[in-house]
Amino acid sequence: MNPDIRRERENASFNVDILTNIIDGGPEKTRRRREIETLVISDPDFQHDDINFMSRSERYDAAVKKSAQMIMKLREYGISDPEEIYCYKSCVQRGRSGPLELHLGMFLPTLLNQATPEQQDTFFMPAWNLEIIGTYAQTEIGHGTHIRGLETTSTYDPSTQEFVLNSPTITSIKWWPGGLGKTSNHAIVLAQLHTQGRCHGLHAFIVPIRCMKTHMPLPGVVVGDIGPKFGFDEVDNGYLKLENVRIPRENMLMKYAKVEPDGTYLKPPSDKLTYGTMVFIRSMIVGDSARALSQSCTIAIRYSAVRHQSELRPGDPEPQIMDYQTQQYKLFPLLATAYAFHFVGQYMGKTYHRIAGDISQGDFSELPELHALSAGLKAFTTWTASAGIEVCRMSCGGHGFSHCSALPAIYVNFTPTCTYEGENTVMMLQTARYLVKSYTQASAGQRLSGMVSYLNQSSTRLQAQSVSARPTVLDVRDLASLVEAYKLRAARLVGAAARNLQMEMQHSKRKEDAWNNTSIDLVRASDAHCHYVVVRLFADKLGEVGDTGVHSVLNNLALLYALHGITQHSGDFLQAGLLSVPQLSQISQRVKELLSQLRPNAVALVDAFDYHDEMLNSSLGRYDGNVYEHMFEWAKKSPLNHTEVHESYHKYLKPLQSKL
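Residues numbered from 1 in each chain as written. Predicted model: local features only at pLDDT ≥ 70, side-chain atom pairs only at ≥ 80, totals over all residues. Heavy atoms only, no water.

Caption draft 1: Structural detail: the overall build of the chain. Helix and strand counts for the chain come out as 23 helices and eleven strands. Relative to the compact-globule value of 26 Å for 660 residues, the chain shows a C-alpha radius of gyration of 27 Å, a close match. Projected onto the principal axes, the alpha-carbon positions of the chain cover approximately 90 × 85 × 60 Å. Expressed as a percentage of its 660 residues, the buried residues of the chain come to 54%. In the chain, once contacts between residues fewer than 6 apart in sequence are set aside, the share between residues at least 24 apart is 74%. For the chain, the accessible area works out to roughly 29,000 Å², and carbon and sulfur atoms hold 54% of it. (Helix = DSSP H or I, 4+ residues; strand = E, 2+ residues; numbered from the N terminus. Rg over C-alpha atoms; globule rule 2.2 N^0.38 Å. Buried < 20%, exposed > 50% of the residue type's maximum accessible area, 1.4 Å probe, protein only. Contact = heavy atoms within 4.5 Å. Areas by Shrake-Rupley, 256 points an atom, 1.4 Å probe, with all protein chains shown as cover.)

Caption draft 2: Just helix H16 (residues 519-542), in detail. The end-to-end C-alpha separation of H16 is 35 Å, in line with the 34 Å expected for 24 residues at 1.5 Å each. For H16, the tally of buried residues reaches 19 of 24 residues, placing the bulk of the element in the interior. (Expected span 1.5 Å × (residues − 1).)

Caption draft 3: Spotlight on the pattern of salt bridges. Scanning the model with the defined rule gives 41 salt bridges in all. Residue Glu243 is joined to Lys241 by a salt bridge in which the shortest nitrogen-to-oxygen separation is 2.9 Å. In this structure, Glu484 engages Lys487 in a salt bridge whose closest nitrogen and oxygen atoms are separated by 3.1 Å. Of this pair, Glu484 and Lys487 are both found in helix H14 (residues 479-506), three residues apart, which corresponds to roughly one turn of the helix. With relative accessibility at 27%, the residue Glu484 sits in the partly exposed group. For Lys487, a relative accessible area of 15% gives the class buried. Connected through salt bridges with shared partners, the residues Asp17, Asp24, Arg33, Arg34, Glu37 and Asp610 form a single ionic network. (Salt bridge = Lys/Arg side-chain N within 4 Å of Asp/Glu carboxyl O.)

Caption draft 4: Examining the sheet that holds strand S4 (residues 174-175) more closely. Taken in spatial order, the three strands make up an open sheet running S4-S8-S7, and their pairing is antiparallel. This sheet does not close on itself; its edge strands, each paired only once, are S4 and strand S7 (221-225). Bridging between S4 and strand S8 (residues 238-242) involves two bridges; their strand directions are antiparallel. Looking at S8, one finds that Lys174 is bridged to Leu240. (Pairing = 2+ DSSP bridges.)

Caption draft 5: Quick peek at the environment of Arg447. Along the chain, Arg447 falls in the loop between helix H12 (424-443) and helix H13 (455-464). Here Arg447 falls in the exposed class, since its relative accessible area comes to 70%. For the pair Arg447 and Arg33, spaced 414 residues apart in sequence, the C-alpha to C-alpha distance is 42 Å.

Caption draft 6: The arrangement of the packing of H12 against H14 in detail. Between H12 and H14, whose axes approach to 9 Å, the crossing angle comes to 90 degrees. The pairing of H12 with H14 is recorded here as roughly perpendicular in orientation. Two secondary-structure elements touch here, H12 through Leu435, Val436 and Tyr439 and H14 through Val494, Gly495, Ala498, Arg499 and Leu501. For the contact of H12 with H14, a count of residues per class yields six nonpolar, one polar and one charged. (Axes fitted to C-alpha atoms, helices over the stretch in contact; angles between N-to-C directions. Parallel < 35°, antiparallel > 145°, perpendicular 65-115°, else oblique. Nonpolar A, V, L, I, M, F, W, Y, C, P; charged D, E, K, R; others polar.)

Caption draft 7: Spotlight on the packing of aromatic side chains. Taken as a whole, this structure holds 15 aromatic pairs when the rule is applied. Taken together through their ring pairs, the aromatic side chains of Tyr339, Phe343, Phe538, Phe609 and Tyr611 make up a single cluster. Between Arg9 and the ring centre of Tyr623, over which it is positioned, the NZ or CZ distance is 3.5 Å. Between Arg433 and the ring centre of Trp515, over which it is positioned, the NZ or CZ distance is 4.1 Å. (Phe/Tyr/Trp six-rings, centres within 6.5 Å; stacked < 30°, edge-to-face > 60°. Lys NZ or Arg CZ within 6 Å of the ring centre and 35° of its normal.)

Caption draft 8: Molecular detail of the pairing of strand S2 (residues 153-157). Counting buried residues along S2, four of its five residues qualify, which places the element largely inside the surrounding structure. In this antiparallel pair of consecutive strands, S2 and strand S3 (residues 162-166), the connection spans four residues, and Gln161 shows a positive phi of 55 degrees. In this structure, S2 lies alongside strand S5 (residues 186-195), joined through three bridges in parallel fashion. Along S5, the bridge assignment pairs Ser154 with Leu193.

Caption draft 9: Inspection of the nonpolar core at higher detail. Ranked by size, the top nonpolar core spans 168 residues in total, and within it Leu19, Ile301 and Tyr339 carry the most contacts. Counting residues per element, this core draws most heavily on helix H8 (residues 276-306), which supplies 16 residues. Excluding residues that lie within four positions of it along the chain, Tyr339 makes contacts with Leu19, Ile23, Phe538, Leu554, Leu557, Leu605, Ala608 and Phe609. Counting residues in each nonpolar core, the second largest holds 23 residues, with Val189, Ala191, Ile209 and Val259 among its members. (Core = buried A, V, L, I, M, F, W, Y, C linked by side-chain atoms within 4.5 Å.)

Caption draft 10: The arrangement of helix H19 (residues 581-598) in detail. Its 18 residues place the ends of H19 26 Å apart at the C-alpha level, agreeing with the 26 Å of an ideal helix rising 1.5 Å per residue. By the burial criterion, the buried members of H19 are Gln583, Ile587, Arg590, Val591, Leu594, Leu595 and Leu598. Mapping the buried residues of H19 onto a view down its axis gives an arc of 145 degrees, with all of them on the same face. The exposed residues of H19 that point more than 90 degrees off its buried face are Pro582 and Ser585. In the core, the buried residues of H19 are packed alongside helix H9 (325-360), helix H17 (548-568) and helix H20 (602-607). (Arc of directions from axis to C-beta.)

Quick look at the structure:
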């Protein structure tokens, strides 16, 4: 073990295992996760050549092989719990998406949530057994996040009791679904439902696209791979053009909306139920943000402990770069953010499953807030994590540019989350729509519940008080005070956006124009709301922590997260009268104190994420700190080093030299 990183661990002030248990959700979950990881890491079937040295076709081939082996192993071990399946899959894929990602993550959950019992009997077990390999075909080449604008049509023919699916324009071709290009033989296609001469909007249909025996495209189906992308080299993202493809009436997912044999349409109890799979995925993405950022922090902080650079004082040995305050300021707020997002991810998972249970009992009351919260937090966490991963990469200097660091791969595989399952700006505007509606209800005297309940008292109080009359509520050393400040900031920005929207509408403008002309304010309001939710949930989590050492270090992280956020948005807090100008200096000083206090625990805090070396696959982030030895061994494996003299020398350079 590198002596620098050993010393870092010896200086930690808390029990790492206790914190790992908190992150996992309990000691038993930690034990089981480690058991599953060991199953994968020790399995020779999952040992493979470094994919960084493979072509795209080779990567796809290796990924399909791993995915097939993964399914067989899950059956062999009897792993059926969804959380354990996700854990096993994460261990196999190690941060990279695979060709079966949408089959497992969207196709199967959609069947569970939107298919009737009869449809589940028909489709679910064949899909579970991989006779049916599915994907989720929503996005089109001309429309993505604006799903109401999707153009694919599904027209009911009562004479045959079939739906006829068509891609009527070039822009209606399905584009981007993972696993569509070469892997899947079925797709859940979102299409505009037409029956009895009327369009009833988007509905989901199970469409066979390839022959179950030969895997050749079926008649009327034009399908293929969309080509290389920014990352995701192992995934066959595809296109799908449908030309008068007929499917039985029973292939429309009819748990909620229905089409009778004669073509009569029965609408669902809530129009948001069609988007249930997206809400589920957005909730999952919050946890993915935490994992991607925590992996990046683990790599950058461990590397910062073993990398020595320059001089603090002339003549002294080169210090660890983590001793530089600027390096701490880059990385420690991101470390705090990773912890915050882990706890938010836990909350979103529990909330989704609770509300999904309510929905199954016919209670849809909390679905609108879940839809709004999952959209906003998806955007908030992915924007933050994507930017943070890049900061981690740059904080590793030149070596962060190498694929052996794993940071480029983490970045290119995570950044698409800012776009898929809803482009982030549009997601923030969806959340804003719910916030404006909630603010209007609170202003009219209705009592709100859930995460928007702060608007009950704040909507009128902040309007009534002038900024100069409001007392500052900020105590830079008290987390409860900071939560209150974030709450009031969110209330002020939501209220301001709602009032600006109303003013725009009073100027004889169309509602849509007024919304567009207020959209900057609306996104700011959503961002503030999400920021409040994250700070609040981090503070709430501390109340569950009994161990003194762990509580102390988590409290410092929570304070750093909240105070760093205030420095980034100080104008909002000043304008709301929640912060005075002299307090800005206090916050700056307090942030520096927290950096110093967290410095001895930095390596232990990333150790608590408990990423095995095989999972990180990073020379810079190795647990033992032997960075340079591993980098050198990795570089030797480059295909360019298979020969001492590359063939291009003999073909091009030597003839050139002979003519000189």
